[in-house]
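# Summary of the model geometry
Residues per chain are reported as follows:
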Amino acid sequence: MGKSRTKRFKRPQFSPTGDCQAEAAANGTEGEEDDGPAAELLEKLQHPSAEVRECACAGLARLVQQRPALPGLARRDAVRRLGPLLLDPSLAVRETAAGALRNLSACGGFEVCDDMVTKDIMTPLVALLKECSAGLDSNEMSPQEKKDQNRNSIENIANEAMNVLWNICECSSRAVSIFNKEGCLEIVLKYLSRFSTNVDLAISVAYCLQTVTEDNPELLNSFTAPALHVLESAMLSPVSSMDYILLKTLVAGTVWNLKDIIPSKSQAEIINAILKILSEVLEVDAGEIVIQMKEAETQRLKAAAETEEIRENANGDNLIEDDEMEEIPHKRKVRRKTFISDLLPPTDKELREAIALLTAQQTALEIIVNMCCSEDPSDDEWEELSSSDESDAFMENSFSECGGQLLSPLCLSHEVHTAFTNYLIPKKIFEKTAFPNSIAVDLCSRSPTWKSLVRKMNTIQCRALVCLQSLVSLLDVDHLGGAAALQTLAQHLSQLLFSQPDFAKHVDFLEAISSALRALLQTMASKNISQCMTPDQLMTLCTAGIHSSNTGVRVNVVSILGITGSVLAKEDGTLETLKTIGCFLLEVATKDPSLVVAGEALDALFDVFADGKEAERASIQIKLLSALKEFQPVFKTKIRKEGRGKYSPDQLCVLDNVKMNLRSFDSAET
């Protein structure tokens, strides 16, 4: 039977406030026609007044959040019109133009980002990043007042530009190639080095670095010892706010991507440093933090309202006159803050912190999954990992001897398994597989601005389940706590699954938990550890899962049936259950529209009925032999018709094995 493989995570595009369509709906602009406002706004980009150009960019930043508007903007060449404004004489125009392009790249997806590269957005974007870098250097010599004002403007522009760069590099390999050739690494590392004074900019850089360092050997050669020390400083920052937790987690992911250039004598320290950060991130009770942050926001807003009421009562009509005099500039400022960016406004401090923590935990789980998916060279390339205290020595000398020599990738050797255990990684992942804190979910669900956090909390649970699948597949049973711990884990997963009457409706959850169950049952079967799911529970899961539109869910449930059935085939008194499993798998094999699912079902059938007296009796009673003989030419035709190009090597391996096993039925007696 084909083994389950762990899933590698690519970094997704990050939208701190949620889905672009949801934002458009919240703004009441979801259904607007795009051609009229698009034409007018694009025309104003050429206006001689900087203020008009700024307002036009701000309008476009809002318009691009409406998916129906994107084709019209593409027809009118919005990217080529916005691009030159990245180098506009006005800093305000640069910032709003970068904000519009940021929203466009975030909401438009892969096709829009690739089109942006085709239309040469990288040329003005790289030039802007270089100018911002030079501007920050020149500001060091400016008078204090001018320095603070310009630096804030330049860093804001750089932050917007970094997000554009990150989004585009996430979607386009051509953009990554330009990043390499233009020497962007030096620029972005200079921004990262300012993490102590501008953590938002540093986080944007860290997102981008985690993207561009993945599977990019050309860029690895550009990392000098000073460059690595910048990463080291950010990763080991003593600040423990939620923003810094996110920053350190992202930088840890980047350092993991750089594993090929780490000297062998520093590898032990690095893996300890990375796992220490991930462990600390996962240690935090996100549900409690969300509750605390929501309460803090409620108290802050209440205090602000009371203060405002007192001020109004004290000032009377004079206050109204003052407000009227300041109305226009105030609106201009709010408009820019709202439209130029998909970030939350600075006043939403508590919400930003809660999002930063949830994002850090999701990222930490994805890094662990990717660590589990690394290649597996020999264990002797690892030096002995000692206690967790060794991670503290990382600060002293881990990167200092980097000479650029490429080494084999780090692997999950025995020492790394031990490090996972030392940092209680399996235990903390297990804890994250629980459903989100119900009080936190209720609080967020009742607040429009916090509602998106419910999805983030659910995503963390799903990532933890995928992470659990990886660990169960790769770690020794002893490192997972032994047979008793695996049985407890199986009971936990069953309780999670069947405590949700409508679990089949939650596709992401169902795929994640079925993947974890599949890996766990596979491990338990290979170690002869008794299974915990009852036949009724098994068939409930499989009946619901096989009707899912998600192919991965259907593959998982037939594989789970195969694993459990092969165990039951060796036991007495299981005839009826085996007949039920056999009929179910035959139904899937002959009727599922996916060749991959059908192949997995046939593979499971071969495993279940390969051996055992009860299995033999069941196969006769369900007429398995004649059914397979009849289906053999049908399956062979389906493979020939669909071809092999659309399937992964693992899927082809299963299909080839199935085809070979089915050949034996050509001449079989019914």
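In the annotation of an unreviewed UniProt entry, the entry for the protein chain reads SYO1-like TPR repeats domain-containing protein, and the organism field reads Felis catus.

### Some details on the overall build of the protein chain
For the protein chain, the helix and strand inventory stands at 33 helices and zero strands. Taking all 670 residues of the protein chain together, 54% fall into the buried category. Contacts spanning at least 24 positions in sequence make up 80% of the contacts within the protein chain whose residues lie at least 6 apart. For the protein chain, the accessible surface area stands at approximately 29,900 Å², while carbon and sulfur atoms represent 51% of it.

### Quick look at the pattern of salt bridges
Opposite charge on two side chains permits pairing when their charged atoms draw close. Inspection of every chain in the model, using the stated rule, returns 22 salt bridges. Residue K427 pairs with E431 through a salt bridge whose shortest N-O separation is 2.6 Å. With K427 and E431 both in helix α22 (residues 425-432) and four residues apart, the pair spans about one turn of that helix. A relative accessible area of 47% places K427 in the partly exposed class.

### A short note on the state of the cysteines
For the structure on display, the rule yields zero disulfides. In this structure C372 is not part of a disulfide, and its nearest cysteine sulfur, from C467, lies 6.1 Å away. By relative accessible area, C467 is classed as buried at 0%.

### Considering the confidence of the model for the protein chain
Residues at a pLDDT of 70 or more form 80% of the protein chain, whose mean pLDDT is 82. Every residue in residues 141-148 scores below 50 in pLDDT, and together they form three contacts with partners more than four places removed in sequence or on other chains. In this model, residues 375-411 is a region of pLDDT below 50 whose contacts with residues beyond four sequence positions or in other chains number 101 contacts.

About the criteria used
- Residues numbered from 1 in each chain as written.
- Predicted model: local features only at pLDDT ≥ 70, side-chain atom pairs only at ≥ 80, totals over all residues.
- Heavy atoms only, no water.
- Helix = DSSP H or I, 4+ residues; strand = E, 2+ residues; numbered from the N terminus.
- Buried < 20%, exposed > 50% of the residue type's maximum accessible area, 1.4 Å probe, protein only.
- Contact = heavy atoms within 4.5 Å.
- Areas by Shrake-Rupley, 256 points an atom, 1.4 Å probe, with all protein chains shown as cover.
- Salt bridge = Lys/Arg side-chain N within 4 Å of Asp/Glu carboxyl O.
- Disulfide = S-S within 2.5 Å.
- pLDDT = per-residue confidence, 0-100.

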